[in-house]
Each structure stands twice: as structure tokens, then as C-alpha cells.
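# A structural walkthrough
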Amino acid sequence: MEEQTKNNRCGKVYLVGAGPGDPGLITVRGKYLLEKAEVLVYDYLASKKLLKYVPKDATFIYAGKRGGVKHTHTQEEINQMLVDHAKAGKIVVRLKGGDPFIFGRGGEEVQELYKAGVPFEVVPGVTSATAAATYAGIPITHRDFTASVAFLTGHEDPTKENSNIDWSKLATGAGTLVVYMGIKNLPTIVENLIKYGRDPQTPVAVVRWASTPEQRSVVGTLETIVTIVKDAGITPPSLIIIGEVVKLKESVDWYEKRPLFGRKIIVTRTRDQASELVAGLEEAGANCLEYSTINIEPVQSYDVLDSELERLNEYHWIIFTSLNGVKYFFERLHGRGMDARDLKGPDIAVIGKSTADYLLTFGVNADLIPNVFTGEGLAESLLDQGVEGRNILIPRALQAREILPETLRGAGAQVTIAPVYRNVPPQGRKDALRADLEEGTVDMITFTSSSTVRNFLTMVDAADNEELQQLLKGVKIAAIGPITAKTVTDNGLRVDIQPKEHTIPAMVREVVDFFTAGR
């Protein structure tokens, strides 16, 4: 309250629909507000992947709204938190699964904000009903089957004396029924629908964790669905879809038929650079567990690079052997008031296409890309150009393989290594990684550099090779190239996938082909 008095202003509360689970389904407006949040109050059903959009210095409050268990905070406590933080002058985002106004109690929260005189805005979200049906391959309306749909909550006991649901009218009053939070009361719901005139042979689908990699769906009829759900072990959060449109699932289903659906893959890379690999694998249906095995930091001293930037015109070649080399080189270049125009003298060589593409974002085209994307391949391509007597600058990691500079020096080149970043093993998440491996549900681990292999093994912290083999029993390994693969095998492990082209897209294709072939 002191802050409000000091600033003489009230903040604002934004009720934002997070969508059903897939973080890609949040609205553009919702994502924008997450990026502006000073306080975030989020629910159990809101994807944790959305939290990466929130500023790190924001206050994070887990509301813990989960069916069947005691909530972390009561609804009254949540209402008061929203009011208090807004009156303290904060921008508050209330992130709610699905849509705030469809069985999300958003209306209640808005009423309390209105009573307290707190400004608010409501941002709709993709509701779980439409998402569950769509991701299960069921159009909830179809002109050949029905033109009406009804959403209802199954959380309410349908047998209670003062039920808000009129089963006598609802049973046959809408072509498609979508029931939220109905697993616990499924037997009674089915009984009432049949009792009030719904055909016992009406198709029914139940979808759990819709739009997420854990999605699972089962199909039956009103007469059989209770037994099917029980035998399949389907538990909340699940939605129930009732109607003739369920018959279309076999032909319309697309989500659960993706080639990597149901596959759990550990991605080891720097947090900033895992996105392309994760996006490609998730597009094919994989459930990616991201474990950053490398943290990238600037070097403590740029003395070497600063000195060489003063005489760039004396160099014949600048060589970039990684994306990070490009990133930190240009950060320092720009920090000294220089830009791409200062690179007009030397030719530019890169280790591979991805590095060349990234270099282009800084307005610079690579003059040389080797056919083989390794240090050895790059060295061979440069030797073909003739390097004797040439001055070569290599901005790179503080610690790296020496094969490239040693080969060039052996051919008579004058090579200067300028450290621009360093690899630092990440802290934390060790217990979570071991738990995932011990669970025995991981299908594959991907490695994109030797550093990711070494740091992964450090995080796993196996007592000996026998324990390591046991932890990775049945787990396939994908390595992006021969150097990474050698590091894997040198540590007593087997490489199952190594793409011929050492790029992320090629790696994704190889993983898809591997599992599609049933290996």
C-alpha cells in the first residue's frame, strides 16, 4: 500500500486465457501481456512453458488450482491477491487454463476486481472443449451430423436436488455435448443421459491432457465408456465428447498420428539454442524434455579481440566455428561502435550452413562453407584456398578443439585465436534429469556437441559405467556429427543416429525416420 500512496496510482489486472495446454495456442495479446507482467498468478493447467515469456524479476505466484486435490490458495485468497497487487501499482497477469470465462471462475474474479475498483481486462483463450475435440480429430459440429453443441460441467453432482443442469432437456437438446471435469461423475452423467432419452449407442470420446504430448484418448458409446475409461486408467484432467461427430475421429485424427507422438526425447543444448531442435521434434509430435547442459557466458577479458579489431584490415580470413562465436564477436564489435562495414577486408569462413545463416542476420555473407561441417572439413577447404603466409583470426570459445588452428599453422598460416565466450556447466536440475531417466520412459537423448555429452554425464553423475548403462537402458542416442559421436562412444555409449549432414534439420529428419521405421 505504501507504493500505491507514493506513486498515487493503481495497477491493472489482466485475466489471460492460456489455452488448453499447447503453449503455441496462446493468443498474441496474451503473450504480449505475459512479457509485461510484474506479477503472475498462474494455475495448474496453464502450460509452464509460457512462464519463459514473463520477466525474470516478476513475482511468480502458483495458484495451484487442480481438481481432486487441496488448492495451494483458496479462490477467496486468489481474489484478494489480485486486488492487493494491483492496488500496489503492479501490472498483474492472472493466467488461467483454457478460457477465463468458460468454467474458469474468471467471472467471479472480475466481480471482485470491480467491487474493489481495480481496472481489469479479460483476454480470451482457446477453450479446452474445442481444443480437445480438434486435437482428438473430432469436429464438434458437422453439417452431416449436428449444428448444435453444448458445454457443461461434470464437476457438479448430477443427482443433487438443486442441480443447475436440466438433464431432461439437455440429453436430446444438443447434437454434441462437451463435458468439462466429468471423469469422477462419468457413471452418473451417462446414466442421466440414457435415462432422459439419449441413445445408449451414442458415440463418446474421452480426451486426457488435450493438445499436450501426454494427450490420450479413448472411444466408446454411452453404454460402454465407463468401463473403457476405467480399464484404460483415464484420470483428470479430461474432457468428454458425446455425439455422432465422434464417428469422424478415425478419418480426421491428425495429432496422435504424428510420427513422434508419444516419444519422450531429452534435448541437451544451451537453453538459447535448443529452440530449433525442440521445435522440429515437437512439430513431429515428440515430448521434449529440455535440459540445458551448457551455459554460455562472455569471457572475462576481451583484450585479445579488442587488439585485433584495431587491425582487421590486416587479416585475410576470419573464421567462425559456431553460432556463439558469431554472436559474441558481433556483440563486442557493436559495443566498440563498429559494424559489418568494418569487415570489408577479410574473407569470412564458417563451419556450416547454420552458422552461415546466422551470420547473414548481421548482414554478412560467408565466403566459404565446407562440404563437411567439422573442424577438419573446414581446415581442408581452407587449405584448398592456400593459406601459407595468410593472417587468420578465429573468434571462438575459451576452450575448444585445436585441430583447426594447428592444421592451418602447419600449412604456414599466421593464426590468432580470440576467445569471445566460454562454456560453463549449468547448475541445478540434476535430480530432475536422473528422475526422468530412472522412470524408464525416455526414448532418446540428442547431443549437438561434445560439450553437451560431457556435461550431460556430469549432471547424471553415475557412480560407474554399469550404473550409467542401467540409467540409459533402452534409450537411443542421436549425435549431430562425428566429433560428437566419438565423444559418446569414448564414454562407453552407443550412437544410434548420426545424420550425414551435420545440421539440426537433418538431425530432426533422421530421428523421425528412425522411429517411423520402428527401430
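Note that this is a predicted model, so its numbers are computed, not measured.

## What about the packing of helix α7 (residues 186–195) against helix α8 (residues 225–232)?
Following both chains from N to C, one finds α7 and α8 inclined at 165°, their axes separated by 9 Å at the closest point. The angle between α7 and α8 falls in the class roughly antiparallel. The two elements α7 and α8 meet at a crossing, and its hand is right-handed. Between α7, through Leu186, Pro187 and Val190, and α8, the contact on the second element is made entirely by Ile225, Val226 and Val229.

## Points about the sheet that holds strand β3 (residues 59–62)
What the 5 strands build is an open sheet, ordered β3-β2-β4-β1-β5; its pairing is parallel. Strands at the two margins of the open sheet, each flanked by one partner only, are β3 and β5 (120–123). Here the strands of the sheet are splayed against their neighbours by 15° on average, with no regard to which way each runs. By the bridge criterion, 4 bridges tie strand β2 (residues 39–42) to strand β4 (residues 91–96) in an arrangement that is parallel. Counted as the bridge partner of Val39 is Val92 from β4. The sheet strands contacting helix α3 (residues 75–87) are β1 (12–17), β2, β3 and β4, and the helix crosses β4 at an angle near 155°. Contacts from helix α4 (residues 106–116) reach β1, β4 and β5 within the one sheet, and its direction differs from that of β1 by about 170°.

## Structural notes on the sheet that holds strand β9 (residues 216–221)
Across the sheet, 5 strands lie side by side as β6-β7-β10-β8-β9; this open sheet has mixed pairing. Of all the strands in the sheet, the pair left with one neighbour each is β6 (149–153) and β9. This sheet shows a mean twist of 20° between the axes of neighbouring strands, independent of strand direction. Sheet topology places strand β7 (residues 176–180) next to strand β10 (residues 238–242); 4 bridges connect them, and they run antiparallel. Paired with Val178 across the strands is Ile241, a residue of β10. Across the sheet, helix α5 (residues 128–135) is in contact with β6, β7, β8 (203–208) and β10; its angle to β10 comes to roughly 75°. Set on the sheet, α8 makes contact with β8 and β9; between it and β9 the angle comes to about 150°.

## A word on the packing of aromatic side chains
Counted according to the given criterion, the structure contains 16 aromatic pairs. Ring centres of Phe330 and Phe362 lie 4.4 Å apart, and the angle between their planes is 15°; this geometry places the pair in the stacked category. Here Phe330, found in helix α12 (residues 323–335), pairs with Phe362, found in the loop between α13 (353–360) and α14 (375–385); they are 32 residues apart in sequence, far enough to count as distant. Taken together, the aromatic side chains of Phe320, Phe329, Phe330, Tyr358 and Phe362 make up a single cluster linked through ring pairs.

## Description of the pairing of β4
Counting buried positions along β4 gives 5 out of 6 residues, so the element sits mostly inside the fold. When β1 meets β4, the two strands line up parallel, connected through 6 bridges. Residue pairing in the sheet places Lys12 in a bridge with Ile91 of β4.

## Here's the deal with unusual backbone geometry
A cis geometry characterises the amide bond from Pro236 onward to Pro237, with omega recorded as 0°. Inspection of the secondary structure assignment puts Pro237 in the loop between α8 and β10. Of note, the phi angle at Ser211 is positive, near 70°, even though the residue is not glycine. As for its position among the elements, Ser211 is in the loop between β8 and β9. A relative accessible area of 2% places Ser211 in the buried class.

## Considerations on the confidence of the model for the protein
On average, the protein scores 91 in pLDDT, and the residues at 70 or more come to 94%. Confidence over residues 1–6 falls short of pLDDT 50; this stretch has 7 contacts with residues more than four positions distant or in other chains.

## Details of the packing of helix α16 (residues 430–439) against helix α17 (residues 450–460)
Packing of α16 against α17 leaves a shortest axis separation of 8 Å and a crossing angle of 90°. With respect to each other, α16 and α17 are oriented roughly perpendicular. Across the interface between the two elements, Lys430, Leu433, Arg434 and Leu437 of α16 pack against Phe456, Met459 and Val460 of α17. Classifying every residue of the contact of α16 with α17 gives 5 nonpolar, no polar and 2 charged.

Rules of the game
Residues numbered from 1 in each chain as written. Predicted model: local features only at pLDDT ≥ 70, side-chain atom pairs only at ≥ 80, totals over all residues. Heavy atoms only, no water. Axes fitted to C-alpha atoms, helices over the stretch in contact; angles between N-to-C directions. Helix = DSSP H or I, 4+ residues; strand = E, 2+ residues; numbered from the N terminus. Parallel < 35°, antiparallel > 145°, perpendicular 65-115°, else oblique. Left-handed = near helix turned anticlockwise from the far one by under 90°. Contact = heavy atoms within 4.5 Å. Pairing = 2+ DSSP bridges. Phe/Tyr/Trp six-rings, centres within 6.5 Å; stacked < 30°, edge-to-face > 60°. Buried < 20%, exposed > 50% of the residue type's maximum accessible area, 1.4 Å probe, protein only. pLDDT = per-residue confidence, 0-100. Nonpolar A, V, L, I, M, F, W, Y, C, P; charged D, E, K, R; others polar.

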